[in-house]
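Topology and contacts: notes
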Amino acid sequence: SMAEGAGARPRLAELLAAGRRLWEEVETGAEPSSGAPAVQDKVRQGLDALQRAAAMVAQLDLFSENEELEEIASADLKYLLLPALLGSLTLKQVDLSRRLEHLESARAHFWRFLKLCRSYGLGSFHLPPAGPPEEEDAGSPSPGGPAAAQPSLVAMASSRQAKIERYKQKKELENRLASMRTFVESGQADEDQIREFCILQIQKWINTSLEEIESIDQEMVILRSRGTAKQSSAPPHGTSRQVRAPLKPFILTRDAAQAKVFGAGYPGLPTMTVDDWYEQRRRQGVVSGQSAPQRAPGITDEELQKQQQEKKEEEDDEEALQKARNWDDWKDTHPRGYGNRQNMG
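Now for a description of the structure that goes with this document. (Residues numbered from 1 in each chain as written. Predicted model: local features only at pLDDT ≥ 70, side-chain atom pairs only at ≥ 80, totals over all residues. Heavy atoms only, no water.)

Section: the packing of helix α4 (residues 82-91) against helix α5 (residues 99-119)
Running from amino to carboxyl end, α4 crosses α5 at an angle of 165°, the nearest separation of the two axes being 7 Å. Judged by the angle between their axes, α4 and α5 are roughly antiparallel. In terms of crossing hand, the pair formed by α4 and α5 is left-handed. On α5, the residues touching Pro83, Ala84, Leu86, Gly87, Ser88, Thr90 and Leu91 of α4 are Arg99, His102, Leu103, Ser105, Ala106, His109, Phe110, Arg112 and Phe113. Considered class by class, the residues forming the contact of α4 with α5 number 8 nonpolar, 6 polar and 2 charged. (Axes fitted to C-alpha atoms, helices over the stretch in contact; angles between N-to-C directions. Helix = DSSP H or I, 4+ residues; strand = E, 2+ residues; numbered from the N terminus. Parallel < 35°, antiparallel > 145°, perpendicular 65-115°, else oblique. Left-handed = near helix turned anticlockwise from the far one by under 90°. Contact = heavy atoms within 4.5 Å. Nonpolar A, V, L, I, M, F, W, Y, C, P; charged D, E, K, R; others polar.)

Some thoughts on the pattern of salt bridges
According to the stated counting rule, one finds 19 salt bridges in the structure shown. Residue Glu25 pairs with Arg21 through a salt bridge whose shortest N-O separation is 3.6 Å. Separated by 4 residues within a single helix, Glu25 and Arg21 lie in helix α1 (residues 2-27), roughly one turn from each other. Residue classification places Glu25 among the partly exposed positions, given a relative accessible area of 32%. Residue Arg224 pairs with Glu104 through a salt bridge whose shortest N-O separation is 3.7 Å. Linking Arg224 in helix α8 (residues 191-232) with Glu104 in helix α5, this pair joins segments that are 120 residues apart in sequence. Taking the relative accessible area as the measure of exposure, Arg224 reaches 18% and is therefore buried. When its relative accessible area of 36% is taken as the criterion, Glu104 is described as partly exposed. By sharing partners, the salt bridges in this structure join Arg21, Glu25 and Lys42 into a single network. (Salt bridge = Lys/Arg side-chain N within 4 Å of Asp/Glu carboxyl O. Buried < 20%, exposed > 50% of the residue type's maximum accessible area, 1.4 Å probe, protein only.)

Observations concerning the packing of aromatic side chains
Taken as a whole, this structure holds 2 aromatic pairs when the rule is applied. Ring geometry for Phe63 and Tyr120: centres 6.3 Å apart, planes at 80°, overall edge-to-face. Taken as a pair, Phe63 in the loop between α2 (37-60) and α3 (74-77) and Tyr120 in the loop between α5 and α6 (145-149) lie far apart in primary sequence, 57 residues in all. With respect to class, Phe63 is no different from Tyr120; both count as buried. Above the plane of the ring of Phe125 lies Arg118, whose end atom (NZ or CZ) is 5.6 Å from the centre. (Phe/Tyr/Trp six-rings, centres within 6.5 Å; stacked < 30°, edge-to-face > 60°. Lys NZ or Arg CZ within 6 Å of the ring centre and 35° of its normal.)

With respect to α2
Given 3.6 residues per helical turn, the α-helix brings residues three or four places apart onto the same face. A rise of 1.5 Å per residue sets the reference length of α2, with its 24 residues, at 34 Å; its end C-alpha atoms lie 35 Å apart and thus fit the reference within 8%. Inspection of α2 places Val39, Gln40, Val43, Gly46, Leu47, Ala49, Leu50, Ala53, Met56 and Val57 among the buried residues, and these make up the whole buried set. Count one or two residues on from α2 and you reach Asp61, which has phi positive near 55°. (Expected span 1.5 Å × (residues − 1).)

A closer look at a negative patch on the surface
A grouping of Glu310, Glu313, Glu314, Asp317 and Glu318 is seen on the molecular surface, where their side chains present a negatively charged patch. Within the secondary structure layout, Glu314 lies in helix α11 (residues 301-333). Relative accessible area serves as the criterion here: at 57%, Glu314 is assigned to the exposed category. (Patch = residues over 30% accessible without salt bridge, like charges linked within 9 Å, V, L, I, M, F, W, Y side chains within 5 Å. Areas by Shrake-Rupley, 256 points an atom, 1.4 Å probe, with all protein chains shown as cover. Lys, Arg positive; Asp, Glu negative; His and termini not counted. Charge placed at Lys NZ, Arg CZ, Asp CG, Glu CD.)

Right, here's the structure in full:
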């Protein structure tokens, strides 16, 4: 009923505002790790508020796929953002055992948002497929052999061009949003300006959603291939991997003296000794007391092999050095020709 609708609006506005505020706090958070309990609490509260708002929007039937953009009241435009915000917060959950589920759910939110934007003629973009790429055609070589599987150079160049375009548009959008924000938030803007501001925000989220779906699809392929590899060697149930904070760049030094030297030359990068580094990683639960150092995120097998090779070479050098030293010591105590008594010529 209309009366019910009128009563719901203020509540709906509150829920969206709360969800957006929590999303922003998590997005621009000062907490070093997204896995921190305080951050994850905000993620849960934000998801809860946004989900309740989305349910109300569905109940009030605010948007329909055969309606024109002009038909949406300016005050209601902002509710179009709900699925995009839900997608973004869904990705910020850190439970690794449920990662695939979170990726699928976030992707569905982003896709719903994009589909709605398309039906209102907001932004010109290719709507990605509704579901993630299937496992069969992801990563399996095509019948034409490896050459056929290579995307054509033309396609690669045009997708690169599209990315550059999208990046430019995004920057332009952000600049326009920044210049309008204070004006709109101070309450000086008229309805048309508020509407324009809201549409710009929607367009910014269109870009974000397209990017997120792309990276979700890539991550899903990796997780699935890991999953099939894991099934053969499944760990005992209940072993949970700890969430790792991403590594910040720094210079690794051998000892404190070197740290002082390097620290002077690179004021932007913190320095730490190898011992500090191990200590820090151990605290984060990444390096156990004696085990080999685990790879940092983003290191390929090739790089890992190279590191192991270098380590082996260092150990070999160490061994060779030790042998040479032992030989020197031996020569010091044994005169030349000692022990060579059998064939005295």
